[in-house]
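Residue-level listing of the chains:
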Amino acid sequence: MKHLTAESLVELLKTKANSNRKKTNEYYFKTGKGEYGEGDVFIGVDNPGVRSSAALYKDMEYDEIEKLLKSEIHEVRFSGLIIITERAKKAYSKKDFFTLKVISDFYLKNRSYVNNWDLVDLTSHYILGKAILAGIYDYDLLDELSSSESLWDRRISIVSTYAFIKNGDIFPTLVLSKKLLDNKEDLMHKAIGWMLRESWKVDPETIEGFLMENYNQIPRTALRYAIEKMEEPKRKEFLNINKK
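Not measured: the values here are computed from a predicted model. (Residues numbered from 1 in each chain as written. Predicted model: local features only at pLDDT ≥ 70, side-chain atom pairs only at ≥ 80, totals over all residues. Heavy atoms only, no water.)

This next bit is on the overall build of the protein. Tallying secondary structure elements over the protein gives 15 helices and zero strands in all. In terms of C-alpha radius of gyration, the protein reaches 19 Å, essentially the compact-globule figure of 18 Å for 244 residues. Dimensions of the protein, computed from the C-alpha atoms along their principal axes, are close to 65 × 40 × 30 Å. Looking at the protein as a whole, 51% of its 244 residues are labelled buried. Roughly 12300 Å² of accessible area belongs to the protein as shown, and the carbon and sulfur atoms make up 50% of that amount. One finds the centroid of the 39 positive side-chain charges in the protein at a distance of 4 Å from the centroid of its 38 negative side-chain charges. (Helix = DSSP H or I, 4+ residues; strand = E, 2+ residues; numbered from the N terminus. Rg over C-alpha atoms; globule rule 2.2 N^0.38 Å. Buried < 20%, exposed > 50% of the residue type's maximum accessible area, 1.4 Å probe, protein only. Areas by Shrake-Rupley, 256 points an atom, 1.4 Å probe, with all protein chains shown as cover. Lys, Arg positive; Asp, Glu negative; His and termini not counted. Charge placed at Lys NZ, Arg CZ, Asp CG, Glu CD.)

Take the packing of helix 5 (residues 74–93) against helix 7 (residues 117–133) next. Two elements in contact, helix 5 and helix 7, have axes separated by 9 Å at closest approach and are oriented at 25 degrees. Classed by the angle they form, the pair helix 5 and helix 7 counts as roughly parallel. Regarding helix 5 and helix 7, the two cross each other, and that crossing is left-handed. Residue-level inspection shows H74, R77, F78, L81, I82, I84, T85, A88, K89 and Y92 of helix 5 in contact with helix 7, the latter providing D118, L119, L122, T123, Y126, I127, K130 and L133. (Axes fitted to C-alpha atoms, helices over the stretch in contact; angles between N-to-C directions. Parallel < 35°, antiparallel > 145°, perpendicular 65-115°, else oblique. Left-handed = near helix turned anticlockwise from the far one by under 90°. Contact = heavy atoms within 4.5 Å.)

Right, let's talk about the environment of G44 for a bit. Inspection of the secondary structure puts G44 in the loop between helix 2 (19–28) and helix 3 (47–55). Expressed as a C-alpha distance, the spacing of G44 and K23, which sit 21 residues apart in the sequence, is 7.4 Å. Excluding its chain neighbours within four sequence positions, the residues that come into contact with G44 are K16, A17, N18, R21, K22 and E75.

For the rest of this paragraph, the subject is helix 3. What helix 3 keeps buried is the set G49, V50, S53 and A54. Down the axis of helix 3, the buried set is contained in an arc of 125 degrees. They therefore lie on one face. By the N-cap criterion, in which a side-chain oxygen at the helix start approaches the backbone nitrogen of a residue two or three places on, helix 3 is capped by D46, the distance to G49 being 2.8 Å. (Arc of directions from axis to C-beta. Polar contact = N/O pair within 3.5 Å; in protein donor to acceptor, adjacent residues only side chain to side chain.)

What follows is the structure, given as structure tokens:
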């Protein structure tokens, strides 16, 4: 176990870095001044490279994982989050809720380092969503996060409801979506629309009713995401309601 250190994993990731990927990621994740990812540092490792590296360190101790999460390098944080997400999946499938609580407590403690949309989307529904389904936390946790000034806390709250959707329960998604409709960030509009789209797959009638009831408050981006999988005539009908 001694070789499973944060330092050695970082060194492994650096061997897989390339400058072209670095530039692509800096642009894609909006690291410019005033953008949502301002200050995030990339070294240029693609997702398969990060995942294959993290897999070799799946038994890493939590104090070493915490070092990964505190890194300024995006791919390093991503690798640490992959490790705990895979553990959470395994723990939930085995109904090992003690381990799931350890992971979810650790995640909440370090969530300030879950600070870009891909990091949120990788983790939140597998860790917090599953922990709430397991009875480790109350739903109120997501309501609390949805009121945060942090964009990433709010995105964690809505994306965590994906766990409920996959379990056939769209109610938490509807409640949080309604609450978050006035959020200004495009990344929140996309997350809300994504969760509504997934909920529509479970209960089309209820989601279509929600969209009609809140049509004037739904950001256009959220609406486009929500109706993406509808048949073309119905999709166009939703897009053109105000033109009638």
